[in-house]
Amino acid sequence: MTIARDIGNNIRVLREAAGHSLADLAASAGLSKTTLHGIEQGEANPTLSTLWALAAALDVPLGGLLDGGASAVTVVRADQGPTVRGDAVRGRLLHRVHVRGWVELYELDVDTTEQVSDPHRLGVEECLLVTEGRVEIGPAADPRELAAGDSIRFDAARPHVYRGLDEHNRAVLLMVHH
């Protein structure tokens, strides 16, 4: 599926789940019914302001329109992920994590020595974006190799590994405590 089709499908599913008709959602978002229909069919490339209006009308975060779904381990490569553009901003959705709890942000330097981390408490996820070099990271049973610009999200309530693959490896880590 293309990004436009993913976005359109997400909007249609969210609209139907909320019990809105096409006309009702279009009016709430300040769009024509024809425009909304084209977006839902994946035939239009909505602007960032249009997506924000639809997200507000559906009472969901912007990522809810962009995300194509997730599995237990999700890797997003540097050239992947839905992108939205405004007049001065370009944003790429890496991962969505629904949370009630704490989110911790870390800047990491990753050495070439392998580190096996013990499982964290149930409900802890890690989401990491490689900013320099290459790293091997993820569940100990299934680590993934990532390069600068790639990201990963996984359940950290099981053993997981970190290992730098280049001389200089840096990353940004979100630890999400549900």
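Please refer to the structure placed before this passage.
Residues numbered from 1 in each chain as written. Predicted model: local features only at pLDDT ≥ 70, side-chain atom pairs only at ≥ 80, totals over all residues. Heavy atoms only, no water.

(A) Up close: the sheet that holds strand 4 (residues 102-109). Ordered by their spatial adjacency, five strands build an open sheet running 1-9-6-11-4, and the pairing between neighbours is antiparallel. Of all strands in the sheet, those with a lone pairing partner are strand 1 (74-76) and strand 4, marking the two edges. For this sheet, the mean angle separating the axes of adjacent strands, direction not counted, is 15°. Sheet analysis places strand 4 next to strand 11 (residues 170-177), joined by eight bridges and oriented antiparallel. Within strand 11, the position partnered with Val-103 by the bridge is Val-176. (Pairing = 2+ DSSP bridges. Helix = DSSP H or I, 4+ residues; strand = E, 2+ residues; numbered from the N terminus. Axes fitted to C-alpha atoms, helices over the stretch in contact; angles between N-to-C directions.)

(B) The pattern of salt bridges, seen in detail. Taken as a whole, this structure holds 11 salt bridges when the rule is applied. Between Arg-77 and Asp-150 there is a salt bridge whose closest N-O contact spans 3.0 Å. Pair noted here: Arg-77 is in the loop between strand 1 and strand 2 (83-85) and Asp-150 is in the loop between strand 8 (144-147) and strand 9 (151-155), with a separation of 73 residues, a long-range link. Counted as one network, the salt bridges with shared partners bring together Arg-12, Arg-15, Glu-16 and Glu-40. (Salt bridge = Lys/Arg side-chain N within 4 Å of Asp/Glu carboxyl O.)

(C) Geometry of the packing of helix 2 (residues 22-29) against helix 3 (residues 33-40). Interhelical geometry of helix 2 versus helix 3 gives an angle of 105° and a closest axis separation of 9 Å. The orientation of helix 2 relative to helix 3 falls into the category roughly perpendicular. Contacts between helix 2 and helix 3 involve Leu-22, Ala-23, Leu-25 and Ala-26 from the first element and Lys-33, Leu-36, His-37 and Glu-40 from the second. (Parallel < 35°, antiparallel > 145°, perpendicular 65-115°, else oblique. Contact = heavy atoms within 4.5 Å.)

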